[in-house]
Amino acid sequence: MYNIERQEKILEILKEKKSCSVSYLANELFFSETTIRRDLNELSKKMKIKKTFGGAVFLEKYSSWVPTKVRAEENYRVKEKIAACASALIEDNMTIFLAESTTVEHLLPYLQNHKGLMIITNSLEIPYRLSATDIEVFSTGGRLLHHSNSYVGEYARKMIKKINADLMFFSVRGLSENGILTTSSTDDDVMEAMMENSRKTCLLIDSSKFGNTYPFTLCSVNEVDVVVTDAQLPNGLNHNNVSIV
């Protein structure tokens, strides 16, 4: 069976099952898990499926968003390493914007190592996760996007514009070959407001997002102060401050 035939079989199975583990696909198609993972990588690059921790889910051809639960499982270990590296930027008594992101959520354990932090976030999940700590947390409020558990809209932007932050952590869905950061929903206006009101911005992005372009443009990667990732930026892109884990 040629690679393309095998990948079409994988798509057929995922379309029927909606999600499958690597081991299930390997057993169904009589190929090694290594081969299946390689196929899933290729299908993910073509934006036909989304990889999860140990498997994949099927996406409609023009799907513009992925549920939070699925995003949280994607490249889990890599996101942990990226967050660990980025946490070195955090200092006591900082005011920090945390934009809704499953990658940014990996920063939460490191916040407890510091005193006097003030956290402002448009995430529904982050305030809950920090509720058992002594960290001062503010939620932007606003219109809730159910698929991403994030607050957006004018109410959220007005809240953000009242705050002067030392640092902002965020992620995006895609980094295009020409260095443009893109998102799949209207929360990009909230992130723009956070960027404008932050002294320093830090992008957390894993290499599975390289080369992808989504409907909404946020900014150029060169407008970000610090980039933390797990590979060289695509297509020879240059940035003055990149940390590779």
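Up top is the structure these notes are about.
Cut-offs and rules
Residues numbered from 1 in each chain as written. Predicted model: local features only at pLDDT ≥ 70, side-chain atom pairs only at ≥ 80, totals over all residues. Heavy atoms only, no water. Salt bridge = Lys/Arg side-chain N within 4 Å of Asp/Glu carboxyl O. Helix = DSSP H or I, 4+ residues; strand = E, 2+ residues; numbered from the N terminus. Buried < 20%, exposed > 50% of the residue type's maximum accessible area, 1.4 Å probe, protein only. Axes fitted to C-alpha atoms, helices over the stretch in contact; angles between N-to-C directions. Parallel < 35°, antiparallel > 145°, perpendicular 65-115°, else oblique. Contact = heavy atoms within 4.5 Å. Nonpolar A, V, L, I, M, F, W, Y, C, P; charged D, E, K, R; others polar.

A. Expanded view of the pattern of salt bridges. Here the structure, examined in full by the defined rule, presents eight salt bridges. Of the charged contacts in the structure, one is a salt bridge between Arg 77 and Glu 80, with a shortest N-O distance of 3.4 Å. Placement of both Arg 77 and Glu 80 in helix H5 (residues 76-86) is noted, with a separation of three residues, approximately one turn of the helix. Overall, Arg 77 belongs to the partly exposed group, its relative accessible area being 47%. Judged by relative accessible area, which is 30%, Glu 80 ranks as partly exposed. Of the charged contacts in the structure, one is a salt bridge between Asp 166 and Arg 199, with a shortest N-O distance of 4.0 Å. One end of the pair, Asp 166, is in strand S9 (residues 165-170); the other, Arg 199, is in strand S12 (residues 198-204), and 33 residues separate them in sequence. A relative accessible area of 23% places Asp 166 in the partly exposed class. Shared partners join several salt bridges into a network, and the residues in it are Glu 154, Arg 157 and Asp 189.

B. Inspection of the packing of helix H1 (residues 3-17) against helix H3 (residues 33-45) at higher detail. Two elements in contact, H1 and H3, have axes separated by 10 Å at closest approach and are oriented at 80°. When the axis of H1 is compared with that of H3, the two are roughly perpendicular. Touching Arg 6, Gln 7, Ile 10 and Leu 11 of H1 are Thr 35, Ile 36, Asp 39, Leu 40, Glu 42 and Leu 43, all from H3. Residues belonging to the contact of H1 with H3 are distributed by class as follows: five nonpolar, two polar and three charged.

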